Amino acid sequence: MPQTIKPLVAGNWKMNGSTAMLKEPRLLAAMMRDVKTKCDILVCPPAILTRRIKGVVKGSKIKVGGQDCHAAASGAHTGDISAEMLQDAGATYVIVGHSERRTNHKESDATVAAKAKAAHRAGLIAIICIGETLEQRKGGQTLAVLSEQLKGSIPEGSNAANTVIAYEPVWAIGTGLTASTAEVAEAHTHVRNDISKIMGEEGPKTRILYGGSVKPSNAVELMGAANVNGALVGGASLKAADFIGIIKAYM
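Below you will find a few notes about this structure. In this text, all values refer to a predicted model and were calculated from it rather than measured experimentally. (Residues numbered from 1 in each chain as written. Predicted model: local features only at pLDDT ≥ 70, side-chain atom pairs only at ≥ 80, totals over all residues. Heavy atoms only, no water.)

Notes on the packing of aromatic side chains
For the coordinates displayed, the defined rule picks out one aromatic pair. Residues tyrosine 167 and tyrosine 210 carry aromatic rings whose centres are separated by 6.1 Å and whose planes lie at 55 degrees to one another, so their mutual orientation is tilted. Here the residue tyrosine 167 occupies a position in strand β6 (residues 163-167), and tyrosine 210 occupies one in strand β7 (residues 208-211), the gap between them amounting to 43 residues. As far as the burial class goes, tyrosine 167 and tyrosine 210 line up, both buried. (Phe/Tyr/Trp six-rings, centres within 6.5 Å; stacked < 30°, edge-to-face > 60°. Helix = DSSP H or I, 4+ residues; strand = E, 2+ residues; numbered from the N terminus. Buried < 20%, exposed > 50% of the residue type's maximum accessible area, 1.4 Å probe, protein only.)

Quick look at the structure:
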């Protein structure tokens, strides 16, 4: 792992959270006080909690992000949220192309690229998600699938400052299953090679996160795999005690 890359540990709350859960980021901020870490820390709650959590963690090392954005800055898009709106609410990152959106909302690589471009337009860092299904892995298609998604999902103008790549094998998201260290290293090294071709000199400096049932008990091992620059965490990010257990991999 290039020493110049500062890791990122990001929590994706998905469609979970309420005012009562504000105690968790507040507790996390307290736990992180006076603690030195070698990584950036990010929490991505549902959009309605963005501003509230931004206020709760103010003055701490914790950044706040969104889980999705529309490609347009504004307009007749009922129920959608633009990157500019997230930025206005205090977000500095936004996740795009998560497998749950690719599957449940039929988002194509082109749609993901448009959303990443919108994130850049609004001054947000785009976390572009990629990953293969169990059937694709069993069929030996993993690396080809990742290459196709990267080629179609990374917009022009992407660089190490405005883009993060998150590799999440779909079969390991929320299932309790986790890719082996060797599988993670193989995928991340392939991604590194591909983004170096796509993004040129920015590729070797771009963060590549691993996601897929990351928890305190396996974080150190997974974060130690080749070309892994942090984690995109699901369920384990909902509780401060669990999330800090993953952050400790970089303490």
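Examining the pairing of strand β2 (residues 40-44)
Within β2, five of the five residues are buried, which leaves it mostly tucked inside the rest of the structure. In β2, alternate side chains face the same way, and those of Asp40, Leu42 and Cys44 on one face and Ile41 and Val43 on the other are all buried. Strand direction decides the pairing type here: strand β1 (residues 8-12) and β2, joined by five bridges, are parallel. The residue bridging leucine 8 from the neighbouring strand is aspartate 40, located in β2. Note on the crossover from β1 through helix α1 (residues 23-32) to β2: the handedness is right-handed. Where β2 lies against strand β3 (residues 62-66), three bridges are found, and the strand directions are parallel. Of the residues in β3, the one forming a bridge with leucine 42 is lysine 63. Handedness of the crossover joining β2 and β3 through helix α2 (residues 50-56): right-handed. (Pairing = 2+ DSSP bridges. Right-handed = clockwise from strand over helix to strand, strands pointing away.)

Focus on the side chain of threonine 50
With respect to the element layout, threonine 50 can be found in helix α2. Apart from the residues lying within four places of it in its own chain, the contact partners of threonine 50 are Pro45, Val64, Leu86, Ala89 and Ala91. (Contact = heavy atoms within 4.5 Å.)

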